[in-house]
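Observations on chain architecture
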Amino acid sequence: MKLLESAKPTRCSNFQRQSRLSVQQTPKLPQAPVPKARVCPSVGSRKVGIVTAQSTSFAFGSDRSEELHQETKKRNNLEANTPADFVSRYGDNEQRKGSDVLVECLEREGVETVFAYPGGASMEIHQALTRSNSIRNVLCRHEQGEIFAAEGYAKCTGKVAVCIATSGPGATNLVTGLADAMLDSVPMVAITGQVPRRMIGTDAFQETPIVEISRQITKHNYLVTNLDDLPRIMREAFFLAGSGRPGPVLVDIPKDIQQQMTVPNFDIKMRIQGYLRRLPSGEAPPATLQQIILALKSVERPVLYVGGGCLDAAKELAEFVELTGIPVTQTLMGLGAFPGMHPNSLHMLGMHGTVFANYAIDRSDMLLAFGVRFDDRVTGKLEAFASRAKIVHVDIDTAEIGKNKIADISVCADTAKTLAALNELIKQQEVDLDFRPWREEIDGTKEEFPMKYPEDDERIVPQYAIQTLHEVTEGKAVVATGVGQHQMWSAQWYKFDGPRNWLTSGGLGTMGFGLPSALGAAVARPNDLVVDIDGDGSFLMNIQELATLYAEKIPVKIMILNNQHLGMVVQWEDRFYKANRAHTYLGDPDVEYHETGDEADIFPDFVAAAKSFRVPSRRVTRKSDLRAALYEMVNTDGPYLLDVMVPHQEHVLPMIPGGGSFADIITDGSGHDDF
C-alpha cells in the first residue's frame, strides 16, 4: 500500500562520537568538527555529543539557583535517603562485617526487596541478609531471572531495584540484563561478589573481570578495594542509577572485603561533583519555552511523539494535550504515558505502529519529541521521518540531543518540569490553538485504515486473545511480555491508561524477559493483577522461574500464545525469504501439531511442565473456550499458566520493513500468501 509519495529528505545529524563518561572527573571534551559547534557533555550516560549550531536552537536546563545548590548539597550526604524510621541494629562504635555494612547501606536507601542468588563469593552477603529485619530476598532460580525480575520491579515503580549474584558465572549471567537495563534506562544497582583481592588477576576459581566486561553496558561501575569506601560507593551507586537518565550501576565486592571487620562511617559525602555539575536542573529557559509556544502558533499539523522519558510526566502531558488539542503517539517504551483510549491517542508509531500514527508523523509540520531517542524501529529511514516538520526535542540526556535527528529547538531538561512550565505559559498567555481540522484529517485515516485482524470461528488468533484479555481485566492489569510477535500484538491490542503498567524489553529485545519481569512487578505491587503475555519460544528461555512463583507465593498469571514457532522470524521468512524455514520451528521434529490437530503432538507440554512446578495450568485450542479460561486464570489464587494455541501463519501488521519509510508500509497478508 502506498498512501503518499515518498517524503522529502531532511537533514540528518552528524554521527556522534561515543565514549564512556567517567563520573569521577570532568572529561576533556572533543573539539567540534564544524564552526560554532556546541559541545554537549553527557549526563549520566557514556556519550559525548556534538550538536552543530547551524539552523538549530539548543538549550540546557535553567541556570543553577541557590535553592538547587542547597538541594545538591543535601543529596550529597549519604544519609539524605535514609528512611525516617530507620534504626541500626548496631551500636555507634560496634564492629561488624563488611557484608553487614553493605546490607545496612541497602536499608538506609529504603530497599525492601532484593533479588539474589547465592554462591561462594556472595555467601557473606546472604548471611548478612538473614540478619536484616526489613529486606526480603526473592530467590529466583537463575541470575538472568533475578536481574529481569529487578528490571520489572524498577519499571513498574520507578524505584532503584537491587539484584545480587556471586562471582564468575553468577556475574556473567547478569550481563544480558545489564545491557537490557542500560538500553531501556532502568534504575538498578547490581551487586556481585568477587574473589578475594589478593587473588584478582590470578585466574582464580570463578573469577571474571565483571567490571571490565560490563563497562560499556552500565551507567557506571565500581570495584571496591577499601571497605571504608563502601558506604560512599553505595550512596553514589543509588544516586547515579536513579538520577538524570536512569541506568544500571554495578558494584563488585571482593569476598575478603565482605568478611573484614570495621566500624563504618555512614556520614560521608559523595565524590561525583563532575556528574552533579552536568546534571540538568529542570525545565528549559523561559526564552526557549516561549520559542516553542510561538512555533505552535504558526503550525497547522503538530504531533506529540512521546517515549519512556515521559512515564513520570503523565499528568503534565495530559494537561498539555488538554490545553493544546495536539494528537499523541507513543513509542513502545512510552505506552501508558498517555491514555490509550483517549480520543487524541494515535497509539504506537514505528515499525509496527498504527497506520494513522505513522501517517500523522509523515504529514506533520511540527513534531514535539518528548523523552525519546529517535530509535531506528521508530524512524525507519531517517531522511524520510517527519521530513516536513519542525522538530522540538526535549530529553534529559544530552547525548540523545542531535544524535540521530537534528532538531530545530532542542532542550536538555526534565520532561515533566518542561511540560509543566509550558502549561503555565499557555494558561498565563491564554494561548488559543485550534487543530480540529488536523484531527479530523487523522480521524479520516483511522476510518480508512483501522487496526484489524482476521476473524476465525474456531481458531484463536493471537490478536483476539489479547483483546479479550484486555476486556476481561478491564485494562487494569500490569502486563509483561517476552520478545517477538506476542510483544508487538500486546502493544497494539492491550490499551494502557496509565504509566508503568507495561513491562517489555525494548532496546535490546531480550527473549525470556516476560516471566521474570512479571515476577518482579508482582513483588513490587502485590495488590495488582500482573499478567505475563508470552510466546512459547520466549517463555522457554526462563521457564525455571515457575519454581520461584510457587516457592515465593507470587501470583503471576501467564498467557502463552503458543504457535510452536519463533513467530517473528517466521514472519520475516514469509515476507523476505520465500517462506524457507531456517531453524524457526520449535515443536516436535517428527510431527507438527498444526498439521494433525492432536493435542498430544504439542511440544513441549507447558501445561504438564507447569503442574510439575505445582502451578495450576490449562490449555485452550478453541475460540469459544477462551473467555471462560481467561476468567478462570485471573480469578485463581496464586500463579496460573494458560497455554493458548494460535496459528503460526499470522503476521504482525501494520509493518514498515527495516530501513523503510511510511511509503513502504504493509497492511495486509499472512503466512498463507506468497510474497
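In the block above lies the structure referred to throughout.
A few points on the structure. (Residues numbered from 1 in each chain as written. Predicted model: local features only at pLDDT ≥ 70, side-chain atom pairs only at ≥ 80, totals over all residues. Heavy atoms only, no water.)

**Description of the overall build of the protein chain**
- When helices and strands are counted, the protein chain shows 25 helices and 23 strands.
- Considering the protein chain as a whole, with its 675 residues, one finds that 60% of them fall into the buried category.
- Excluding contacts between residues fewer than 6 apart, the proportion of contacts in the protein chain whose partners are at least 24 apart in sequence is 75%.
- Split by element, the accessible area of the protein chain, about 26700 Å² in all, is 48% carbon and sulfur. (Helix = DSSP H or I, 4+ residues; strand = E, 2+ residues; numbered from the N terminus. Buried < 20%, exposed > 50% of the residue type's maximum accessible area, 1.4 Å probe, protein only. Contact = heavy atoms within 4.5 Å. Areas by Shrake-Rupley, 256 points an atom, 1.4 Å probe, with all protein chains shown as cover.)

**Some remarks on the sheet that holds strand β8 (residues 188-194)**
- The parallel open sheet is built from six strands, whose spatial order is β6-β5-β7-β8-β10-β9. For this open sheet the edge positions go to β6 (136-138) and β9 (220-223), each flanked by a neighbour on one side alone. When strand polarity is set aside, the average angle formed by the axes of neighbouring strands in this sheet is 20°.
- Running over the sheet, helix α4 (residues 143-157) touches β5 (113-116), β7 (161-165) and β8 and is turned about 170° from β7.
- Against the sheet, helix α6 (residues 175-183) makes contact with β8 and β10 (248-254), and its axis sits at roughly 145° relative to β10, the strand it touches most. (Pairing = 2+ DSSP bridges. Axes fitted to C-alpha atoms, helices over the stretch in contact; angles between N-to-C directions.)

**Here we look at the side chain of Arg232**
- With respect to the helices, strands and loops of the structure, Arg232 is situated in helix α8 (residues 230-242).
- With a relative accessible area of 8%, Arg232 lands in the buried category.

**A word on helix α17 (residues 462-473)**
- With 12 residues, α17 extends 17 Å between its outermost C-alpha atoms, agreeing within 8% with the 16 Å of an ideal straight helix rising 1.5 Å per residue.
- Counting buried residues along α17, 10 of its 12 residues qualify, which places the element largely inside the surrounding structure.
- Buried residues of α17: Pro462, Gln463, Tyr464, Ala465, Ile466, Thr468, Leu469, His470, Val472 and Thr473, and no others.
- Structurally, α17 contributes buried residues whose contacts are with α18 (485-493), β20 (530-535), β21 (557-562) and α25 (623-635). (Expected span 1.5 Å × (residues − 1).)

**Things to note about the nonpolar core**
- One finds Leu304, Tyr305, Phe320, Leu367, Leu368, Phe370 and Phe385 to be the most contacted residues of the largest nonpolar core, which totals 56 residues.
- The element contributing the most residues to this core is helix α15 (residues 415-428), with six residues.
- Grouped together as the second largest cluster of nonpolar side chains are 48 residues, Cys140, Ala150, Phe513 and Leu549 included. (Core = buried A, V, L, I, M, F, W, Y, C linked by side-chain atoms within 4.5 Å.)

**Quick look at the packing of aromatic side chains**
- This structure, assessed with the given rule, holds 13 aromatic pairs.
- Relative to Phe662, the ring of Tyr359 lies with its centre 6.2 Å away and its plane at 65°, an arrangement referred to as edge-to-face. Pair noted here: Tyr359 is in helix α13 (residues 355-363) and Phe662 is in the segment after β23 (640-645), with a separation of 303 residues, a long-range link. With respect to burial, Tyr359 and Phe662 carry one shared label: buried.
- When the ring centre of Tyr550 is taken as reference, the NZ or CZ atom of Lys553 above it lies at 4.5 Å.
- The ring centre of Tyr464 lies 4.7 Å from the NZ or CZ of Lys623, which sits over that ring. (Phe/Tyr/Trp six-rings, centres within 6.5 Å; stacked < 30°, edge-to-face > 60°. Lys NZ or Arg CZ within 6 Å of the ring centre and 35° of its normal.)

**So, unusual backbone geometry**
- Residue Pro604 is bonded to the preceding Phe603 through a cis peptide linkage, with omega at -10°.
- Among the structural elements, Pro604 can be located in the loop between α23 (593-596) and α24 (606-612).
- With omega at 0°, the peptide bond leading from Leu653 into Pro654 counts as cis.
- Counting through the fold element by element, Pro654 comes out in the segment after β23.
- If you check the backbone angles, Arg500 has positive phi at about 65° while not being a glycine.
- You can see Arg500 is positioned in the loop between α18 and β19 (502-503).
- The phi dihedral of Lys578 falls on the positive side, at around 55°, and the residue is not glycine.
- Relative to the assigned elements, Lys578 resides in the loop between α22 (567-576) and α23.

**Some words on the sheet that holds strand β18 (residues 478-481)**
- Strands sit in the order β19-β18-β20-β21-β23-β22 across an open sheet of six strands; the sheet is parallel. This sheet does not close on itself; its edge strands, each paired only once, are β19 and β22 (617-620).
- As judged from the five bridges shared by β20 and β21, these two strands associate in the parallel manner. The residue of β21 that forms the bridge with Val531 is Lys557.
- Packing of α17 onto the sheet brings it into contact with β20 and β21, and relative to β21 it is tilted by some 160°.
- Across the face of the sheet, helix α19 (residues 514-524) comes into contact with β18, β19, β20 and β21 while running at roughly 175° to β20.

**Describing the pattern of salt bridges**
- Considering all chains together, one arrives at 36 salt bridges under this definition.
- One salt bridge connects Asp456 with Arg459, and the closest N-O pair in it is separated by 2.9 Å.
- Its relative accessible area of 34% is what places Arg459 among the partly exposed residues.
- Among the charged side chains, a salt-bridge network with shared partners connects Arg89, Asp100, Glu107 and Arg131. (Salt bridge = Lys/Arg side-chain N within 4 Å of Asp/Glu carboxyl O.)

**Concerning the packing of α17 against α25**
- Remark: α17 packs on α25, axes separated minimally by 10 Å, with the N-to-C direction vectors making an angle of 45°. Taken together, α17 and α25 sit at an angle that is classed as oblique. Between α17 and α25 lies a crossing whose hand is right-handed. Contacts from Tyr464, Ala465, Thr468, Leu469, Glu471, Val472 and Thr473 in α17 reach Lys623, Leu626, Arg627, Leu630, Tyr631, Met633 and Val634 in α25.
- Taken together, the residues of the contact of α17 with α25 sort by class into nine nonpolar, two polar and three charged. (Parallel < 35°, antiparallel > 145°, perpendicular 65-115°, else oblique. Left-handed = near helix turned anticlockwise from the far one by under 90°. Nonpolar A, V, L, I, M, F, W, Y, C, P; charged D, E, K, R; others polar.)

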